[in-house]
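The chain contents come next:
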Amino acid sequence: MIENNGSDADGPLEEGALTLTDSRTGADYRLDIEHGAVRAAGLGQVRANSEDPGLAAYDPAFKNTAACISRITYIDGDKGILRYRGYPIEQLAEGASYLDIAWLILNGELPTPAESASWRAEITGLQAVPDPLPRMLDGFNEDGHPMAMFIALLSGLGAQHPDSKNVTDAGCRAFHIKRLIGAAPTLAAMTYRRGKGLAPVAPDEDLSFPANFLRMVFGEDAHIDPTLERAMDVLFILHADHEQNCSTSAMRGVGSSHADPYSSAAAASAALYGPLHGGANEAVLKMLTEIGSKDRVNDFLKEVKSGSRRLMGFGHRVYKSYDPRAKIIKRTAYEVFEVTGRNPKIDIALELERIALQEDYFIRRRLYPNVDFYSGIIYEALGFPVGLFPVLFAVPRMSGWLAQWQEMLEDPEQKIARPKQLYLGYDERPVPAG
Ligand code: ACO
């Protein structure tokens, strides 16, 4: 039986049950179906004999296992739908600010104007990072990967906040959620500046969240064009949450041991770093650079179809149609180009998409552009180096990770995450003598 808290947003309970007959014993079992799922624990009742620990579900990579009940983000991968707290991503990306969306994701409703103003003031007041952290960066080579530095800085910031270990205290959690959302762009900008051998730029509380970020990256004297400021905010909104992806699962998994949120966010960032997840935008840019021109697209796709490499920025575990975020990013790219000039890589990307979407290989596997296919092209046009791309993803995803972490800690059903295994190794055997 899956608990329903009676909220309207959950919709009516699905009636029904799965009936099973165990061919080993002839015994019949009934598993209630609720919200399109059966409880795996119910399978544990299915035993061949009294010694049998009970049936387990085997699901490598969690392809068909729900590990939690969540009320934050909804995705319909077949229809290309993404909603935060019920609101379509297309509408949120139209007019809202990232900070308001972070509030929405964390609290369930859009903020009132008063809530929005005080939330913004609280976050901007928590953007500066203490002195030892910039010095931590000196331990990294200038050519060190910005994501590696970002992960380390998150741990370092956690060391500055030992009280954050008090994860069962709601007030304490609320403070550190704000601290992490506020500090994330500051730490991200510091990694960029370390790569250039430049000193960090202190946050400016009078600027908007995205404008302050751009200034902390490009320097006090940088001109922040309003179109680019808005594009940055839209990119932040699109990346804020994406339900139980690899990094969010890492956040929940590590957080389930009651590790502090800085350590959990560092673990989530490490998961995001991988080229199959948030590192894909970096891989896309490298791929576009390698392809070099539109006339090489066909040869490249031949290699992909032969299975020797992947078309980075294509395919998704959940989306089996066009990722709605990719559509918005593609549109935003043209707005950015109005200011920065056209990034020629867009033409290679458009040609890759055009041909791939007609090819049987991609059609049969339902592979479409994902969020990372066009984001790197905008980031490059904005002047960010490729290595910073996954860090740019982590800055807004911080709010999603923290909302999911909080939801996990408040869910009485959640315990320390600990999957089962099917052991197929040796049975007991003696260590050879001598
Ligand atoms: N290029 C070529 N073939 C692909 C691609 C791709 N990008 N993605 C999947 N396939 C093929 C696989 O080879 C496989 O083919 P097969 O059935 O002949 O063996 C089939 O499509 C299914 O692929 P899986 O790897 O089983 O799908 P999965 O759901 O495990 O992987 C993933 C999803 C990791 C995103 C994958 O599509 C991929 O590697 N894409 C490229 C990396 C990327 O863009 N990642 C960003 C995802 S969005 C995000 O994390 C923010």
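Residues numbered from 1 in each chain as written. Predicted model: local features only at pLDDT ≥ 70, side-chain atom pairs only at ≥ 80, totals over all residues. Heavy atoms only, no water.

Peer 1: Looking at this model, I keep getting lost on the site of the ligand. Mind explaining?
Peer 2: Contacts to the ligand come from 19 residues, most closely from His277, Arg310, Leu311, Gly313 and Tyr361. Within the side chain of Asn370, a nitrogen or oxygen atom sits 2.9 Å from an oxygen atom of the ligand. Contact with the protein chains hides 74% of the accessible area of the ligand, taken as 910 Å² for the molecule alone. Mapped by element, the contributors of at least two residues to the shell around the ligand are helix H16 (360-365) and helix H17 (371-382). Looking at the shell around the ligand, its residues break down into 10 nonpolar, five polar and four charged. (Near = heavy atom within 4 Å. Polar contact = N/O pair within 3.5 Å; in protein donor to acceptor, adjacent residues only side chain to side chain. Areas by Shrake-Rupley, 256 points an atom, 1.4 Å probe, with all protein chains shown as cover. Helix = DSSP H or I, 4+ residues; strand = E, 2+ residues; numbered from the N terminus. Nonpolar A, V, L, I, M, F, W, Y, C, P; charged D, E, K, R; others polar.)

Peer 1: What's the story with the pairing of strand E3 (residues 73-76) in this structure? I'm lost.
Peer 2: Side chains on a regular strand alternate between the two faces of the sheet. Of the strand pairs in this sheet, E3 and strand E4 (residues 81-84) are connected by four bridges, and their pairing is antiparallel. Within E4, the position partnered with Ile75 by the bridge is Leu82. Between E3 and E4, which pair antiparallel in sequence order, lie four residues; one of them, Gly80, sits at a positive phi of approximately 70°. (Pairing = 2+ DSSP bridges.)

Peer 1: How should the sheet that holds strand E5 (residues 87-88) be read in this particular structure?
Peer 2: What the three strands build is an open sheet, ordered E3-E4-E5; its pairing is antiparallel. Strands with a single pairing partner mark the edges of an open sheet, and in this sheet they are E3 and E5.

Peer 1: Even after reading the chapter, I still don't get the side chain of Asn343, so can you show me in this structure?
Peer 2: If you trace the backbone, Asn343 turns up in the loop between helix H14 (324-340) and helix H15 (345-356). Separated by 3.0 Å, the side chains of Asn343 and Glu380 make a polar contact. Non-local contacts of Asn343, meaning those with residues more than four positions away in its chain, are made with Phe337, Ile377, Glu380 and Ala381. (Contact = heavy atoms within 4.5 Å.)

Peer 1: Is there a simple way to think about helix H10 (residues 246-255) in this case?
Peer 2: Three- or four-residue spacings in an α-helix give side chains the same orientation, since the helix completes a turn every 3.6 residues. All of the buried residues in H10 are Ser247, Thr248, Ala250, Met251, Arg252 and Gly255. Turning to H10, the residues buried within the fold contact helix H11 (261-273) and helix H18 (389-410). (Buried < 20%, exposed > 50% of the residue type's maximum accessible area, 1.4 Å probe, protein only.)

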